[in-house]
Amino acid sequence: MAVCVAVIAKENYPLYIRSIPTENELKFHYMVHTSLDVVDEKISAMGKALVDQRELYLGLLYPTEDYKVYGYVTNSKVKFVMVVDSSNTALRDNEIRSMFRKLHNSYTDVMCNPFYNPGDRIQSRAFDSMVTSMMIQVC
């Protein structure tokens, strides 16, 4: 299960960050921001290939002792970062991929809202409930 989900804008500022154990919220914010360097490295390493391919999943960015950090980038360079508990060994790579696809679809719904100003923090209840269901759901 995901313990932290973040949506980071193209300019590397957070549009949305949600973590389940709120006492560790600062720790998760730090993990998300440190993972942005790895995301940038992977994007620059892919270079032209990233533009040509349709798969935007970056995979495992880095593991820590307690958590694994995964990344995903959209065509508009918006980054999704998900922190998953390392003790959950049942969570496979294709399940992480599908979680990112659900997150991307929900993000697209937020962007299609005519009352949302691009670049503002995401405050959609539908997006928040989808993220909460992803965090509670044990795959």
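Note that the coordinates shown come from a computational prediction; the quantities given were computed from them, not determined experimentally.

Chemist: Looking at this model, I keep getting lost on the pairing of strand β4 (residues 67-73). Mind explaining?
Modeler: Regular strands place their side chains on alternate faces of the sheet. Burial runs high along β4: six of the seven residues are buried. Pairing analysis gives five bridges linking strand β3 (residues 57-63) to β4, with the strands arranged antiparallel. Residue pairing in the sheet places Tyr62 in a bridge with Val69 of β4. Between β3 and β4, which pair antiparallel in sequence order, lie three residues. The sheet contact formed by β4 and strand β5 (residues 79-85) spans seven bridges and is antiparallel. When the sheet's bridge partners are listed, Tyr67 is paired in β5 with Asp85.

Chemist: Is there a simple way to explain the pairing of strand β1 (residues 2-8) in this structure?
Modeler: The element β1 is largely enclosed, with a buried count of seven among its seven residues. The sheet contact formed by β1 and β5 spans six bridges and is antiparallel. Its bridge partner lying in β5, Val7 is registered against Phe80. In this sheet, strand β2 (residues 14-19) lies alongside β1 in antiparallel orientation, the contact comprising five bridges.

Chemist: I would appreciate a short explanation of the packing of helix α3 (residues 93-111) against helix α4 (residues 125-136) in the present structure.
Modeler: Where α3 contacts α4, the two axes come as close as 10 Å, and the packing angle between them is 170°. Taken together, the axes of α3 and α4 are roughly antiparallel relative to one another. Between α3 and α4, the residues in contact are Met99, Lys102, Leu103, Ser106, Tyr107 and Val110 and Phe127, Met130, Val131 and Met134, respectively. Within the contact of α3 with α4, the residues separate by chemical class into eight nonpolar, one polar and one charged.

Each value, and the rule that gives it
- Residues numbered from 1 in each chain as written.
- Predicted model: local features only at pLDDT ≥ 70, side-chain atom pairs only at ≥ 80, totals over all residues.
- Heavy atoms only, no water.
- Buried < 20%, exposed > 50% of the residue type's maximum accessible area, 1.4 Å probe, protein only.
- Helix = DSSP H or I, 4+ residues; strand = E, 2+ residues; numbered from the N terminus.
- Pairing = 2+ DSSP bridges.
- Axes fitted to C-alpha atoms, helices over the stretch in contact; angles between N-to-C directions.
- Parallel < 35°, antiparallel > 145°, perpendicular 65-115°, else oblique.
- Contact = heavy atoms within 4.5 Å.
- Nonpolar A, V, L, I, M, F, W, Y, C, P; charged D, E, K, R; others polar.

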